[in-house]
There are 2 protein chains.
Amino acid sequence: MRKGEETRTRILDVAEAAVLQKGFGGTSIEELIAETGITKSGFFYHFKDKNELAKALLNRYIENDERIYDEIFSRARDLMDDPLQSFLLGLKLLSELLSDLPNGHPGCLVATVCYYERLFDREIQETNRNAVLAWRRRFGRMLREIMDVYPPREPVDVDQLADMVSSVLEGGIVLSKTLKEPNTLAEQVLMLRTFVRLLFQPAVEQPLAVVRPAQAFGAAGGGQP
Amino acid sequence: MRKGEETRTRILDVAEAAVLQKGFGGTSIEELIAETGITKSGFFYHFKDKNELAKALLNRYIENDERIYDEIFSRARDLMDDPLQSFLLGLKLLSELLSDLPNGHPGCLVATVCYYERLFDREIQETNRNAVLAWRRRFGRMLREIMDVYPPREPVDVDQLADMVSSVLEGGIVLSKTLKEPNTLAEQVLMLRTFVRLLFQPAVEQPLAVVRPAQAFGAAGGGQP
DNA sequence: CCCCCTCCTGTACCCGCGGTACAGTTTCGA
DNA sequence: TCGAAACTGTACCGCGGGTACAGGAGGGGG
């Protein structure tokens, strides 16, 4: 039971690395079993076909992805009470995490699936779609909290702004990989951070450190419930 | 001579559509010859192997891509003299072009190659890299012109900002395809446009249409509002 | 008019890979 | 010690990428 899970994980590890470098169509089962040190029969014991492997691979990737965002943004939330500052810190932490990856970001499975769509069944395409929608909800939730406090300088649709986070991440990965410049991705996240700051930070030159105490003071003096 | 070019083009057309939907590894030569109505030998007369097909496909795609950007931004340049307004108009035109695509953007070959890298030779990877660098130079050139006139509200690296355009496009394509929401890509371009406007437009609340006459009036009359 | 070059078609073949089928073996916990 | 889980081994199928030629249509130039 435990042993089976371990082998399965090892196959998924090898497969994930291969698929991110060569796509699903470019990754052969034979090379996976060679690298895992398993036999073909052993492989098909765990996954009945390539589609099932893709399914497991994608689900695991998405779960892990969600876990990472949960960690980063909840840590940012702990450190900063203000929703805007917390989000900005989260983006900072994310960019640091990305620039710490030794060989750059290995690639996003969601994008890989997206560029291979026609050869997967509807279930995988739905899973992929839901992953992107989950990103939209996640970042949208945080952005709505921000907008409750800070009116944006320009009118923006919150879902579109949330999608911008995903766009910059996906696009940044493509750029980083293509250019072979691992840092480009982290820089793009920081550029997005600049956008968010610009969009929500009050028009005064100095950041919140100056503005907020005034607001808080005013509220306290004015008599809140 | 003419006939050969025509067949070659037909193969490339079929191949491009297939590759954008299924990746290189997922596209078989057999399906290409079936759809073009050519024989296997005929195919290999034009392209000695799949790598050569990819090379031709990528080069053609990049050329076409460059042509489109040339057209859009030179038209925007003709209509607007101010570099910022011209760039903003260019992004508007681009987003309109993208939202007019009947079935949404079919996908970017640069991204496809990026997610298939390991199975191509160094030449293709270099071609791909150069395409992204060309985008950086193109948008960088326009952004530099803007920065000569308008100081950005936040300090930004011009190359990173130029890359942001590519990021949002590449990421927007992935989102649009995955979500099966053709409009998402166009919206992302407009969101980027908001960022650029916010970053460079003078701190006054009203946009140029209102601000400019007032400035002109003030300069002529010698008095301040 | 014929020759040659371009642009193919047809045939035959090799091998790697996805996938199936199924029999047999190890390992390990209940 | 029994049985299920987790494999191995072997044999086989058909498709797809790719090679190797041989040959044919069609047109333009000498």
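How each quantity is defined
- Each chain carries its own residue numbering, running from 1 in the direction its sequence is written.
- The lettering of chains begins at A and the numbering of ligands begins at 1, in the order of writing.
- In keeping with the model being predicted, local features are shown solely for residues with a pLDDT of at least 70 and side-chain atom pairs are shown and tallied solely at 80 or more, while totals for entire chains, interfaces and linings include all residues.
- Hydrogen atoms and water are omitted, and side-chain values are computed over all heavy atoms in the structure.
- UniProt positions are given in the numbering used here, feature names are shortened, and annotations may be inferred rather than shown by experiment.
- Strands are runs of DSSP state E lasting at least two residues, helices are runs of H or I lasting at least four, and both sets are numbered from the N terminus onward.
- Between two residues, a contact is recorded if the distance between any of their heavy atoms is within 4.5 Å.
- When two parts are put together, the accessible area they lose, computed with a 1.4 Å probe and summed over both, is reported as buried area.
- Any N or O atom pair separated by 3.5 Å or less is treated as a polar contact, with the protein-specific requirement of one donor-capable and one acceptor-capable atom, and with residues adjacent in sequence counted only for side-chain atom pairs.
- All residues other than Ala, Val, Leu, Ile, Met, Phe, Trp, Tyr, Cys, Pro, Asp, Glu, Lys and Arg, Gly among them, are scored as polar; the first ten of these are nonpolar and the last four charged.
- Burial here depends on accessible area, computed with a 1.4 Å probe over protein chains only, as a share of the maximum for the residue type. Under 20% is buried, over 50% is exposed, and the range in between is partly exposed.
- When the copies are superposed, the least-squares fit draws on C-alpha atoms of residues that have pLDDT of at least 70 in both.
- When two rings of Phe, Tyr or Trp (its six-membered ring) have centres within 6.5 Å they constitute a pair, described as stacked for plane angles under 30 degrees, edge-to-face for angles over 60, and tilted for the intermediate range.
- Note that the arc is defined by the directions from the helix axis to the C-beta atoms.
- By definition here, a salt bridge exists when the distance from a side-chain nitrogen of Lys or Arg to a carboxyl oxygen of Asp or Glu is within 4 Å.
- Note on terminology: disulfide denotes any pair of cysteine sulfur atoms within 2.5 Å.
- How far a helix is expected to stretch is found by multiplying one less than its residue total by 1.5 Å.
- The definition of a nonpolar core used throughout is a set of buried Ala, Val, Leu, Ile, Met, Phe, Trp, Tyr and Cys residues joined through side-chain atoms within 4.5 Å.
- Fitting a line to C-alpha atoms yields each axis, with helices limited to the stretch in contact; the angle taken between N-to-C directions then spans 0 to 180 degrees.
- The labels follow the angle: roughly parallel below 35 degrees, roughly antiparallel above 145, roughly perpendicular from 65 to 115, and oblique for the rest.
- The handedness criterion is simple: a crossing whose near helix is rotated anticlockwise from the far helix by less than a right angle is left-handed, and one whose near helix is rotated clockwise is right-handed.

Bringing the UniProt feature "DNA-binding region" (unreviewed entry) in chain A into the picture now. The UniProt record marks residues 28-47 of chain A with the feature "DNA-binding region" (unreviewed entry), using the residue numbering of this structure. Annotation note: span residues 28-47 of chain A, helix share 75%, strand share 0%, distance between end C-alpha atoms 14 Å.

Turning our attention to the interface of chain A and chain B. Tallying the contact residues gives 55 residues for chain A and 55 residues for chain B. When residues of chain A are sorted by the area they lose upon contact with chain B, Tyr 115, Met 191 and Leu 198 of chain A head the list and together hold 16% of the total. The interface formed by chain A and chain B holds 18 residue pairs in polar contact (both at pLDDT 80 or more) in total. For the side of chain A that touches chain B, the secondary structure elements donating two or more residues are α1 (2-22), α6 (109-114), α7 (122-149), α8 (158-179) and α9 (183-200) of chain A. A total of 16 residues in the side of chain A that touches chain B trace back to one element, the largest contributor, which is α8 of chain A. Residue composition of the side of chain A that touches chain B, grouped by class: 23 nonpolar, 17 polar and 15 charged.

A word on the environment of Met 147 of chain B. Residue and element names in this part refer to chain B. Its location among the elements puts Met 147 in helix α7 (residues 122-149). Of the residues examined, Met 147 reaches a relative accessible area of 24% and is grouped as partly exposed. It is 7.7 Å that separates the C-alpha atoms of Met 147 and Phe 200, two residues lying 53 residues apart in sequence. Contacts of Met 147, omitting those with residues within four sequence positions, involve Pro 152, Val 156, Val 158 and Phe 200.

Our focus in this paragraph is the relation of the copies chain A and chain B. One copy of the chain maps onto the other through a rotation about an axis followed by a shift along the same axis. When chain A is fitted to chain B, the best match, at an RMSD of 0.0 Å, comes from turning it 180° and sliding it 0.0 Å along the axis. The two molecules are tied by a two-fold rotation axis, judged by turn and shift. Comparing interface residues between copies, 100% of those in chain A also sit at the interface in chain B, which points to an isologous, same-surface contact.

This part covers the packing of aromatic side chains. Residues and elements named next belong to chain A. Inspection of every chain in the model, using the stated rule, returns 17 aromatic pairs over all chains. A centroid spacing of 6.0 Å and a plane angle of 75° characterise the contact between Phe 73 and Phe 139, whose relative ring orientation is edge-to-face. Here the residue Phe 73 occupies a position in helix α4 (residues 50-79), and Phe 139 occupies one in helix α7, the gap between them amounting to 66 residues. The burial state of Phe 73 is the same as that of Phe 139; both residues are buried. Ring pairing ties together the aromatic residues Tyr 69, Phe 73, Phe 87 and Phe 139, which thus form one cluster.

Once that is clear, we can look at helix α2 (residues 29-36) of chain B. Residue and element names in this part refer to chain B. Along α2, the residues classified as buried are Ile 29, Leu 32, Ile 33 and Thr 36. The buried side chains of α2 occupy one side of the element, clustering within an arc of 95° when seen end-on. Across α2 from its buried face, at more than 90 degrees, point the exposed residues Ala 34 and Glu 35. Following α2 by one or two positions, Gly 37 has its phi on the positive side, about 70°.

Now for the pattern of salt bridges. Side-chain pairing between opposite charges can occur once the charged atoms of the two side chains come close. According to the stated counting rule, one finds 34 salt bridges over all chains in the structure shown. Ionic pairing is found between Arg 197 of chain B and Glu 154 of chain A, a salt bridge with its closest N-O pair at 2.5 Å. Of the two residues, Arg 197 of chain B is situated in helix α9 (residues 183-200) and Glu 154 of chain A in the loop between α7 and α8; the pairing between them involves two chains. Residue class for Glu 154 of chain A comes out buried when judged on its relative accessible area of 16%. Within this structure, Asp 13, Glu 16 and Arg 60 of chain A form a network of salt bridges that share partners.

Before going further, it helps to examine the state of the cysteines. All names here are of chain B. Scanning all chains against the criterion turns up zero disulfides over all chains. Take Cys 108: it sits in no disulfide, and the sulfur closest to it among the cysteines is that of Cys 114, at 9.4 Å. The exposure class of Cys 108 is buried, given its relative accessible area of 2%.

Turning to helix α5 (residues 83-99) of chain A, a few remarks are in order. All names here are of chain A. Under the 1.5 Å per step criterion, the end-to-end length of α5 is 24 Å for 17 residues, consistent within 8% with the ideal 24 Å. Of all 17 residues making up α5, 13 are buried, and the element is well covered by its neighbours. For α5, the side-chain oxygen to backbone nitrogen distance between the N-cap and Leu 84 is 3.0 Å, and the N-cap itself is Asp 82.

Our next topic: the nonpolar core. Nonpolar side chains in soluble globular proteins tend to end up buried together. Membership of the largest hydrophobic core comes to 148 residues, with the highest contact counts inside it found for Phe 87 of chain A together with Phe 87 of chain B. Not counting residues up to four positions away in its chain, the partners in contact with Phe 87 of chain B are Phe 73, Phe 139, Met 142, Leu 143, Ile 146, Val 165 and Val 196 of chain B.

Residue and element names in this part refer to chain A. For the pair α8 and α9, interaxial distance at closest approach is 7 Å and the crossing angle is 155°. As far as their axial angle goes, α9 and α8 are roughly antiparallel. α8 and α9 meet at a crossing whose hand is right-handed. Across from Leu 161, Met 164, Val 165, Val 168, Leu 169, Gly 172, Ile 173, Leu 175, Ser 176 and Leu 179 in α8, the residues of α9 making contact are Asn 183, Thr 184, Leu 185, Gln 188, Val 189, Leu 192, Phe 195, Leu 199 and Phe 200. When its residues are assigned to classes, the contact of α8 with α9 shows 14 nonpolar, five polar and no charged.

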